[in-house]
Each structure stands twice: as C-alpha cells, then as structure tokens.
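Summary of structural features
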Amino acid sequence: LWSRGLGDVYKRQLYNDPRDLTFLCRTAVLPGRQIATTDYATNTKTHKMPYAGITDDLTLTFILTQDMFVKKLFDAWQAKVINPDYSVNYKDTYVSDIIVQQLNKDNFPIYTVKFKNAYPVTVDPIELNSDSADTMSIMGVTLAYDDWEASDGLLDGVSDALNIALPGNLGTKFTGVLDLSLIHI
C-alpha cells in the first residue's frame, strides 16, 4: 500500500496488514465540476465566457477499527505533507493517485474516477465517549487533488489491476468501492 517515506516500521505494518480500506470506506462523495465564467459584452448582448474549471475536494468516510488503523494511516500521510516543524515538503513526495469505483450488484465497476495527485487536507475529529460502546466510530477525510477523470469503469478497472500487479508495485488491486492501492507516500 505504501511504497516510500514512512520508514520500515510503518511500511511493514501497512503492507502486511490484511485489512482492506475498501471495506472500511463507508461513503465516498464524488465531486462535481463547475465552469467559472465571466460576462463578455458584444455590441448590445452579453455572453458568459468560460475561463476556468472549479472542482470540489474528495470526501471519504471510514469506519474505524478498535486500533484506529485508518486514523493512523491518514495521520502518517498528513505528516508527509507538513513536518513537525511546520515546514512543507515538496508536493511530489506526498501526492498519490486514488481510484474510486461504483460497483454494480455483481461487484463489477460501472463508473471509475481517478483523482490525480491527491493528498489529505482534513482528517475530521473523532468523538470518543463511553455512551457509544455498541456503536461504530466514523472518521471523515477530505482530500485535495490536481484533477480527476471519469470512465465507464469495467475496462479501466481491469487495466488498472494489470498495471498494479506489475513487479515493483507494493500495492494490490482492491475490488471494492475505494481503491487506495495507488497511494505511494
């Protein structure tokens, strides 16, 4: 899952961990895309002219395990962005592509979105209290990214699985709603 930068302890723990983020991801809110426009006047008529694309951040919600596996994973990823002395690392050292897939009833991808150069900007707070002993703890994560591209899913999902299985990749192809196997920190 992680290929560089976290040190041997985290690399061993995360790579050998049998839990799959796919099954811990409860929701994924796919961002929309908006076209920014400006008014452009010609003679007596005004037109809207596009000048930029605007996207929302990617929002994910995870079910937390008792050992806070997901929380520790995203805390470690954020630590690659901002150092303890609050200096910022170079972007290419902490970004990763993330794939989110919508599956049909037979677990085949019908819609795939690839988020390019993503990184976590917000890890939501977690409320701990003794009244919630028999409930699941949930944590939200917001990720920024450079751009996203969508496809119909099935063929892209197969080609991604083949690419990820190539030698040199530590990740494995996840077949659920969320594919974080492309995260390389």
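A short tour of the structure in this document, coming up. Not measured: the values here are computed from a predicted model.

Rules and cut-offs
Residues numbered from 1 in each chain as written. Predicted model: local features only at pLDDT ≥ 70, side-chain atom pairs only at ≥ 80, totals over all residues. Heavy atoms only, no water. Helix = DSSP H or I, 4+ residues; strand = E, 2+ residues; numbered from the N terminus. Buried < 20%, exposed > 50% of the residue type's maximum accessible area, 1.4 Å probe, protein only. Contact = heavy atoms within 4.5 Å. Areas by Shrake-Rupley, 256 points an atom, 1.4 Å probe, with all protein chains shown as cover. Polar contact = N/O pair within 3.5 Å; in protein donor to acceptor, adjacent residues only side chain to side chain. Pairing = 2+ DSSP bridges.

The subject of this paragraph is the overall build of the protein. Of regular secondary structure, the protein possesses 4 helices and 9 strands. By the burial criterion, 34% of the 185 residues in the protein qualify as buried. Of the contacts formed within the protein by residues at least 6 apart in sequence, a portion of 65% connects residues at least 24 apart. Accessible area for the protein stands at about 11,300 Å²; split by element, carbon and sulfur atoms hold 53% of it.

Turning to the side chain of glutamine 101, a few remarks are in order. Within the secondary structure, glutamine 101 sits in strand β5 (residues 96–103). One polar contact links glutamine 101 to threonine 112, side chain to side chain, over a distance of 3.4 Å.

Take the pairing of strand β6 (residues 109–123) next. Bridge count between β5 and β6: 7 bridges; the pairing is antiparallel. For serine 96, the partnering residue across the bridge sits in β6 and is alanine 118. Note that β6 and strand β8 (residues 147–151) share 5 bridges and pair antiparallel. Pairing of phenylalanine 115 across the sheet is with tryptophan 148, part of β8. Here 4 bridges tie β6 to strand β7 (residues 138–144), and the two strands are oriented antiparallel to one another. Pairing of valine 123 across the sheet is with valine 141, part of β7.

Of all the 7 residues making up β7, 6 are buried; the element is thus mostly covered by neighbouring parts of the structure. Alignment of strand β4 (residues 58–63) against β7, held across 6 bridges, turns out to be antiparallel. When the sheet's bridge partners are listed, leucine 58 is paired in β7 with leucine 143.

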